Amino acid sequence: MASTMSKLNKKDNEDKVVDNALRPSGFDEYIGQSNTKDNLKILIEAAKKRKESLDHILIHGPSGLGKTTLSYIVAREFGANIKITSGTALQKAGDIGSILSGLSDGDFIFIDEVHRLNKSIEETLYPAMENYNLDIVIGKGASAKTLQIQLPKFTLIAATTRISLLSNPFRSRFGAQLKLDFYKEEEIANILERSAKLLNVSIEPQALSILANASRYTPRIANRLLRRARDFAQISETHNISAKMAIDTLKLLHIDEKGLESTDISILKTIYKQFKGGPAGVKSIAAAIGEEEDTIEDVYEPYLMRIGFLSRTTRGRVITDAGIRHVLNQREIV
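What counts and what doesn't
- Residues numbered from 1 in each chain as written.
- Predicted model: local features only at pLDDT ≥ 70, side-chain atom pairs only at ≥ 80, totals over all residues.
- Heavy atoms only, no water.
- Helix = DSSP H or I, 4+ residues; strand = E, 2+ residues; numbered from the N terminus.
- Buried < 20%, exposed > 50% of the residue type's maximum accessible area, 1.4 Å probe, protein only.
- Contact = heavy atoms within 4.5 Å.
- Areas by Shrake-Rupley, 256 points an atom, 1.4 Å probe, with all protein chains shown as cover.
- Lys, Arg positive; Asp, Glu negative; His and termini not counted.
- Charge placed at Lys NZ, Arg CZ, Asp CG, Glu CD.
- Core = buried A, V, L, I, M, F, W, Y, C linked by side-chain atoms within 4.5 Å.
- Expected span 1.5 Å × (residues − 1).
- Pairing = 2+ DSSP bridges.
- Axes fitted to C-alpha atoms, helices over the stretch in contact; angles between N-to-C directions.
- Right-handed = clockwise from strand over helix to strand, strands pointing away.
- Parallel < 35°, antiparallel > 145°, perpendicular 65-115°, else oblique.
- Left-handed = near helix turned anticlockwise from the far one by under 90°.

(A) Spatial organisation of the overall build of the chain. Across its full length, the chain carries 15 helices and 11 strands. Taking the principal axes of the C-alpha coordinates as reference, the chain spans close to 70 × 50 × 35 Å. Looking at the chain as a whole, 48% of its 334 residues qualify as buried. Within the chain, residue pairs in contact and separated by at least 24 positions form 71% of the contacts whose partners lie at least 6 positions apart. Surface exposure of the chain reaches about 16,900 Å², of which carbon and sulfur atoms provide 48%. Charge separation in the chain, taken as the distance between the mean sites of 46 positive and 42 negative side-chain charges, equals 2 Å.

(B) Looking closely at the nonpolar core. In this structure, Ile57, Val74 and Ile241 are the most contacted members of the largest nonpolar core, which totals 71 residues. The leading source of residues in this core is helix H10 (residues 219-235), at 6 residues. Counting 24 residues, the second-largest nonpolar core is a separate cluster that includes Ile96, Ile99, Ile109 and Leu134.

(C) Structural context of helix H8 (residues 185-198). Over its 14 residues, H8 extends 20 Å from the first C-alpha to the last, a length consistent with the 20 Å expected when each residue adds 1.5 Å. The complete set of buried residues in H8 reads Glu187, Ile188, Ala189, Ile191, Leu192, Ser195 and Ala196. Looking one or two residues past H8, Asn200 carries a phi angle of roughly 60°, positive in sign.

(D) Expanded view of unusual backbone geometry. Omega for the peptide link from Gly278 to Pro279 comes to 5°, which places this bond in the cis form. Mapped onto the fold, Pro279 is located in the loop between helix H12 (262-274) and helix H13 (282-289). Here Gln33, not a glycine, exhibits a phi torsion of approximately 55°, which is positive. On the secondary structure map, Gln33 appears in the loop between helix H2 (15-22) and helix H3 (34-50).

(E) Quick look at the sheet that holds strand S3 (residues 108-112). Read across the open sheet, the 5 strands follow the order S2-S3-S6-S1-S7; overall the sheet is parallel. Taken across any chain shown, the strands that pair with only one partner, and hence form the sheet edges, are strand S2 (82-86) and strand S7 (176-179). Neighbour-to-neighbour, the strand axes of the sheet open up by a mean angle of 15°, direction not taken into account. Relative to strand S6 (residues 155-160), strand S1 (residues 57-60) is paired through 4 bridges, and the arrangement is parallel. Bridge assignment links Leu58 to a residue of S6, and that residue is Ala158. Packing of helix H5 (residues 93-101) onto the sheet brings it into contact with S2 and S3, and relative to S3 it is tilted by some 150°.

(F) View of the pairing of S3. For S3, the buried fraction is high: 4 of the 5 residues fall into the buried class. Pairing of S2 with S3 involves 5 bridges; the strand directions are parallel. Among the inter-strand pairings, Ile82 is bridged to a residue of S3, identified as Phe108. Since S2 and S3 lie parallel, the crossover through H5 that links them has a hand, and here it is right-handed. Summarising the sheet, S3 and S6 pair through 4 bridges and their orientation is parallel. Each residue of the ladder has a partner; that of Ile111, found in S6, is Ala158.

(G) Layout of the packing of H12 against helix H15 (residues 321-329). The interhelical angle for the contact between H12 and H15, taken along N-to-C directions, is 110°, at an axis separation of 10 Å. Taken as axis vectors, H12 and H15 run roughly perpendicular relative to one another. The hand of the H12/H15 crossing is left-handed. Contact with H12, carried on its side by Ile265, Leu268 and Tyr272, involves Gly323, Ile324, His326 and Val327 of H15 and no other residues of that element.

The structure is reproduced here in structure tokens:
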């Protein structure tokens, strides 16, 4: 087992390259999110007919559902360049200023985790998004002066997992606000089939179902599980992923048949045992399991709520009967 784990860990450095290879390059290859795709197609075609830059776009929803991929596709369909950054990478107004001033007419800028932007950068974006002006303040105090630079007509695509943290003035500057939802199981299965072909492996129908069920209805996770299952197949000197390989992959990664990881179980277990089933505040849960509050809210809670294991009330989080049964069946609680 140690030898197997060592071989699998060597694949981690290749994951980003493989992710790019599996990324759909157009709307025709992008499976799921039909309503969002239809809206984007209309926006693009209308802007092309008017010969104008595309409206700024805000995409929100749980992580791993394809927000970054959609930004690449939109830019490609529009025939424009795109620059990628994130809210955590932009620390001061000059950071966003240097990116914006380096764009050309029609270019796109994608900001992931836009809810993490600090206030000064957000305020710098207001005139840039509305009038394509960049205001630079020179000096301090009463002697400070504002220098205005005309920017090219660009399109900002912003992605967030927590739209509620964005200010109303910022949200109102996006011409299109689109929400991505968790995928359906059959859509995940179709994504896995497509990815398996690109990875040059075959996958048995039962194995496909096992991985799809454990994917948390999320393409990024589904592809990650597929890559690990492919590693098992390669170690076994075969190009076919069997049901047993799929099960062994989940066991090695400590993921159950519902896609729950140890942190998911810890959250449910803590609410059930320590807080008598709830309600419990996210701050208390985070302290009890040693996890960040944001991580619990962004990564774990949406899926636990989606499958009906967790309920969010005004007083806090509550574990449902289905959640209790699942955790008890995992033999995590004695």
